[in-house]
Amino acid sequence: MAEAFSLSLTPPQMASLSGAAAVSSRLLPRARFGFSTSSSTPSPSSLSLSSLKCLRSSPLLSHLLHRQKTTSVRASSGGLGFSSVAAPNCSASDPDQLKSAREDIKELLKSNFCHPILVRLGWHDAGTYNKNIEEWPLRGGANGSLRFEIELKHGANAGLVNAVKLLQPIKDKYSGVTYADLFQLASATAVEEAGGPKIPMKYGRVDASGPEQCPEEGRLPAAGPPSPADHLRDVFYRMGLNDKEIVALSGAHTLGRSRPERSGWGKPETKYTKDGPGAPGGQSWTVQWLKFDNSYFKDIKEKIDEELLVLPTDAILFEDPSFKVYAEKYAVDQEAFFKDYAEAHAKLSNLGAKFDPPEGIVIDDGPAEAAPEKFVAAKYSSGKRELSEAMKQKIRAEYEAVGGSPDKPLQSNYFLNIMIVIAVLALLTTLFGN
């Protein structure tokens, strides 16, 4: 059973982290992009669904096969063993494979209780974005570069090698899904499966191709900087996020635990973590650390449970005047927190990403459209008496003849106008008759 990890921000730089990450990284399986590297031409069995779609749309088979020739690229010299091959020039990820991968992620969450570390993985892949750098992928962001050893060894990412290992079998199964999409899909699914809000996600992110495209270390926030408020703003403003989004995203610490051997923060274990689930130990921010709700804000505000973790970057949310407005609101209004969190999470997941197609891919069905209003003839009459079916049909025919329909109301109440004219004529006839 895999260990559940914390959502702590960047840990202090510790000399031992690099060595630990290097050791664990050797356990990582090889990762492939779409096709086998055993030959220069992909076999039929290795074609992903997205590749087949390209095949159907290509006018020349030979041209497609030429574009799909593989080129093996070593991810790093540190022994992670990742390789990549050129993908066909079509959508970055296949929608059907994305949907299937999401179901596999749900099963993974049920068996491994790895919600926190998967959320953290998506955050840390996207959180390197620098809005002041225009060029992709140098600007950082959600491009899947966190799969490379050089970035996994950043101090902020201690332990995330385990998250990549958890998702690697799913990546191997669905070659038509990019790492960038898989990391963000896993992150959003983990929030939703833990009881959090539905995240309005889109997919189609293109992967960074090699370790030389990884961002430099130091772009992620630290947990205990000298000036927590200034530090959070420096980091998140660089991403293009505001104070409300900083506080809302901080609320995801309602999930997970901090482990001192990885981050330098927290207790080895508490009464809430000593028995798991997952590998026991660490210190959580909330009592129910696998449930996504607004407990994080409530518990920080009350500060009455010494078993719960409060980092300097957590405490500042109720001390800084601007942050406090949102933190106080979320502590009493979970619905408002869920709404703002969903929007902030979706925004974060798109930062720095390059989408193919440019508008992205949506795999969630939209809200069902309301059924057209059934035509009830009596509704358009002024009498209270129930009309016969023949009269209903006659009224309906007359109603539609002047432009009305059950699902398209008349711009003007022609029926009422006709009734008024008839009534006036009847009155005049009565008067002249007398």
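Residues numbered from 1 in each chain as written. Predicted model: local features only at pLDDT ≥ 70, side-chain atom pairs only at ≥ 80, totals over all residues. Heavy atoms only, no water.

*Asks:* How do you make sense of a nonpolar patch on the surface when you look at a structure like this?
*Replies:* On the surface, a cluster of nonpolar side chains totalling about 1200 Å² of accessible area is made up of Leu416, Ile418, Met419, Ile420, Val421, Ile422, Val424, Leu425, Leu427, Leu428, Leu431 and Phe432. Within the secondary structure, Leu425 is located in helix H17 (residues 414–433). (Patch = residues over 30% accessible without salt bridge, like charges linked within 9 Å, V, L, I, M, F, W, Y side chains within 5 Å. Areas by Shrake-Rupley, 256 points an atom, 1.4 Å probe, with all protein chains shown as cover. Salt bridge = Lys/Arg side-chain N within 4 Å of Asp/Glu carboxyl O. Helix = DSSP H or I, 4+ residues; strand = E, 2+ residues; numbered from the N terminus.)

*Asks:* Would you explain the pattern of salt bridges in this entry?
*Replies:* One side chain can pair with another of opposite charge once the charged atoms of both are near each other. For the structure on display, the rule yields 14 salt bridges. Across the salt bridge formed by Glu328 and Lys301, the nearest N and O atoms sit 2.8 Å from each other. Of this pair, Glu328 sits in helix H14 (residues 321–332) while Lys301 sits in helix H12 (residues 295–302), and the two are 27 residues apart along the sequence. Given a relative accessible area of 24%, Glu328 falls into the partly exposed group. Relative accessible area serves as the criterion here: at 42%, Lys301 is assigned to the partly exposed category. One network of salt bridges, with partners in common, ties together Arg102, Glu192, Lys198 and Asp364. (Buried < 20%, exposed > 50% of the residue type's maximum accessible area, 1.4 Å probe, protein only.)

*Asks:* How should I be thinking about helix H5 (residues 115–126) in this particular structure?
*Replies:* Since the α-helix turns once every 3.6 residues, residues separated by three or four places project in the same direction. With 12 residues, H5 ought to run about 16 Å at 1.5 Å a step, and its terminal C-alpha atoms sit 17 Å apart, in line with that. Taken together, the buried positions of H5 are His115, Pro116, Ile117, Leu118, Val119, Arg120, Leu121, Gly122, Trp123, His124, Asp125 and Ala126. The inward-facing, buried residues of H5 contact helix H4 (95–112), helix H6 (149–152), helix H7 (160–173), helix H8 (179–193), helix H10 (243–250) and helix H15 (334–350). (Expected span 1.5 Å × (residues − 1). Contact = heavy atoms within 4.5 Å.)

*Asks:* Hey, could you run me through the packing of H10 against H15 in this one?
*Replies:* Geometry of a packed helix pair, given as the angle between the helix axes and the separation of the axes. Two elements in contact, H10 and H15, have axes whose closest approach is 8 Å; the angle formed by their N-to-C orientations is 100°. The angle between H10 and H15 places the two elements in the roughly perpendicular class. In this structure, H10 uses Lys244, Glu245, Ala248 and Leu249 to contact H15, whose residues at the interface are Phe337, Asp340, Tyr341, Ala344, His345, Lys347 and Leu348. (Axes fitted to C-alpha atoms, helices over the stretch in contact; angles between N-to-C directions. Parallel < 35°, antiparallel > 145°, perpendicular 65-115°, else oblique.)

*Asks:* I keep staring at the packing of aromatic side chains and nothing clicks. Help me out?
*Replies:* How two aromatic rings sit relative to each other is given by the distance of their centres and the angle of their planes. Across all of its chains, the model carries 10 aromatic pairs by this definition. Residues Phe292 and Tyr341 carry aromatic rings whose centres are separated by 5.0 Å and whose planes lie at 55° to one another, so their mutual orientation is tilted. Placement of the pair is Phe292 in the loop between strand S4 (283–284) and H12 and Tyr341 in helix H15, with a sequence separation of 49 residues. What makes Phe292 buried here is its relative accessible area of 2%. (Phe/Tyr/Trp six-rings, centres within 6.5 Å; stacked < 30°, edge-to-face > 60°.)

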